[in-house]
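Architecture and fold: a report
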Amino acid sequence: MNHTPQDRAVSILSAEPNDSTSGLADSALIEAARSDHLRPVMHFVSPAGWLNDPNGVGWRDGVYHLFYQYNPLGAFHHSIHWGHAVSRDLLHWEDRPIALTPGDGADEDGCWSGVLVDAPQGPALVYSGRVGEHELPCVAFGSADLTSWEPQRQPIIDAPPAEYQVTAFRDHCVWFEDGTWRQLVGSGIQGRGGCAFLYESEDFVHWQDRGPMVVGHAGDTDLDNTEWTGTMWECVDFFAMKPGAEGLTTAPDGGSGHPHVLIFSAWHEHQTLHSMAAVGTYDGRTFTPDRFQRLDLGGRHAYAPQTFIDGEGRRILWAWMQEGRDEASQMAAGWSGAMTLPRRLWLTQDLLLCAEPVPELRALRERELPVHVEEQPEQVLATGTALDMELDLSIPNESAISLDVFASAPETATTAGAGRDSDPGTDPDSRPEFTRITLERETADRLTLSVDRSASSLNPQCADTAHSGSVPHREGTDLHVRVVLDQSSLEIFTEGVSLTTRVYPTRPDAEHVVLRRKGPASVETAHAWTLRPTEQSHRQMYPQSSH
Ligand code: DQQ
């Protein structure tokens, strides 16, 4: 397989400002970001600069809180702060002052990922303070309105458990269970696999080591195996969930007898691989996975997810939509990273963790486009680069349906097998661009969903590897597919499976959606809407309090 350097990003990019754009004034960064046509218009993005993991996600008194890994100095991973934004509808966000800034002491080189907790002392952010190349658990206590924070600048756990040789030790999940505070720290044990260490505390100040709650099996290093669990588990997130479409969920509860879910991001030697979920049994001390699954078929483009329970009792997830263009392009664009759409989770009776966009997102539909499905095997279905589409499909045996999105004008887009390497004699600037989504029948019970990015961009510095995976679906039953496009992001949802990726079209006409059918497949219904932009009109790199 031909991997461009951007196919696997490292969790710590070059880390030092080494380009002229890093010295840009705040207003110039914001202006650069806003003028980039590849910046999503209805996904959450930082004012400009760098964004990675969602942190401290939560709901309090009707308000959603989204904290996130943020570098206000520029679009590179360095000196990580915690940005903060609030929303009442999960769609429109208002910036709040930066919550955490690296300081003297335990977080002098960065305030890495963590969570928001209602601690006995009041609101608390439990996060990973970074010094040099190492992280340790830290805490900051905050005001009731969650806008001002006092980092303690002392680790709350002094070191990883001494009896294990760990691959790394960071990221947190904290809950109250059976009269005790519990904390997981993401890690890995050399020679064994990723793991989550469990700690307990009576007072949220002193934390006792209870050993590994669960250890994976690293096995052989296989970076191309999309189901490999890696050698370290980043961003652990743990909760109970009852099987059923309602997604009934609680904090972990070893006495409940309910299935438990551990979400983590598989990592290996600075490479961010993909997010996964383990579903299994928790007895209050040990978690025994029955199965591991991919959380999203787009690999690192839906990385470091974190979940919370909202006022309606839904478990909602955001993940970091990591970029797929090179570092220099990110720096020049003045921004990097976006959140996925907020997704509601539930567990099937077969203990498969599923996701779909929250229904609130329908409110962003601006205009319904006329969509007429015709008989011919290939047609333009819609035009736009910020679109929400819903289709009901029938894909019987030996058939497939493809949608080319971000596709240049059809005369060129329809060239069979066209791709960057397929016709070296063609003028490079007139080659077609398209990103091909395909759903193909595999068995009576299963489809394959894939995305081919080999012709997504004429810019050779963009990730071009394909994504694919299985979708459980019984032939002859309804098949509903949702596709959301937002400038450089693509999210596909079907049967509870999601696939998130990033593409960077360069051609001004790369705005068509082209439908193709193979064999007896058919489109029963198809709808498309343009999407309303949601970004606030005035943003600052260092937002001030509105109170
Ligand atoms: N991102 C954070 C870490 C985490 C990683 C650093 C995952 O805490 O392990 O920005 O993307």
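Scope of this entry: the structure provided in the associated data block. (Residues numbered from 1 in each chain as written. Predicted model: local features only at pLDDT ≥ 70, side-chain atom pairs only at ≥ 80, totals over all residues. Heavy atoms only, no water.)

This paragraph deals with the site of the ligand. Around the ligand there are 13 residues in total, and Asp53, Gln69, Arg170, Asp171 and Glu234 lie nearest to it. At a separation of 2.7 Å, a nitrogen atom of the ligand approaches a polar side-chain atom of Asp53. Interatomic distance of 2.6 Å between a side-chain N/O atom of Gln69 and an oxygen atom of the ligand. Relative to its free-state accessible area of 300 Å², the ligand is covered by the protein chains to the extent of 99%. (Near = heavy atom within 4 Å. Polar contact = N/O pair within 3.5 Å; in protein donor to acceptor, adjacent residues only side chain to side chain. Areas by Shrake-Rupley, 256 points an atom, 1.4 Å probe, with all protein chains shown as cover.)

With that settled, consider the nonpolar core. Among the nonpolar cores identified, the biggest contains 45 residues, and Phe44, Leu66, Trp93, Trp318, Met339 and Leu361 are the most heavily contacted of them. Of all the secondary structure elements, the ones that give two or more residues to this core are helix H1 (26–35), strand E1 (49–60), strand E2 (63–71), strand E13 (232–241), strand E18 (303–309), strand E19 (315–321) and strand E21 (338–339). The next biggest cluster of nonpolar side chains, apart from the first, holds 35 residues, and it includes Val371, Ile395, Val481 and Ala528. (Core = buried A, V, L, I, M, F, W, Y, C linked by side-chain atoms within 4.5 Å. Buried < 20%, exposed > 50% of the residue type's maximum accessible area, 1.4 Å probe, protein only. Helix = DSSP H or I, 4+ residues; strand = E, 2+ residues; numbered from the N terminus.)

With respect to the element layout, Ile437 can be found in strand E28 (residues 435–443). The spacing of Ile437 and Leu403 is 34 residues in sequence and 5.2 Å in space, taken between C-alpha atoms. When residues no more than four places from it in sequence are discounted, the contact partners of Ile437 are Ile401, Ser402, Leu403, Val405, Leu449, Ser450, Val451, Val483, Leu490 and Ile492. (Contact = heavy atoms within 4.5 Å.)

Taken as a whole and judged by the stated rule, the model has 23 aromatic pairs. Where Phe238 meets Phe287, the ring centres are 5.2 Å apart and the plane angle is 70°; that geometry is what we call edge-to-face. Here Phe287 lies in strand E17 (residues 287–294) and Phe238 lies in strand E13, a separation of 49 residues in the sequence. The class for Phe238 is buried, based on a relative accessible area of 3%. (Phe/Tyr/Trp six-rings, centres within 6.5 Å; stacked < 30°, edge-to-face > 60°.)

This part covers the environment of Trp82. Here Trp82 shows up in strand E3 (residues 81–87). Each C-alpha atom, one on Trp82 and one on Pro533, is 24 Å from the other, the two residues being 451 residues apart in sequence. Among the polar contacts listed, one links the side chain of Trp82 to the backbone oxygen of Cys111, at a separation of 3.2 Å.

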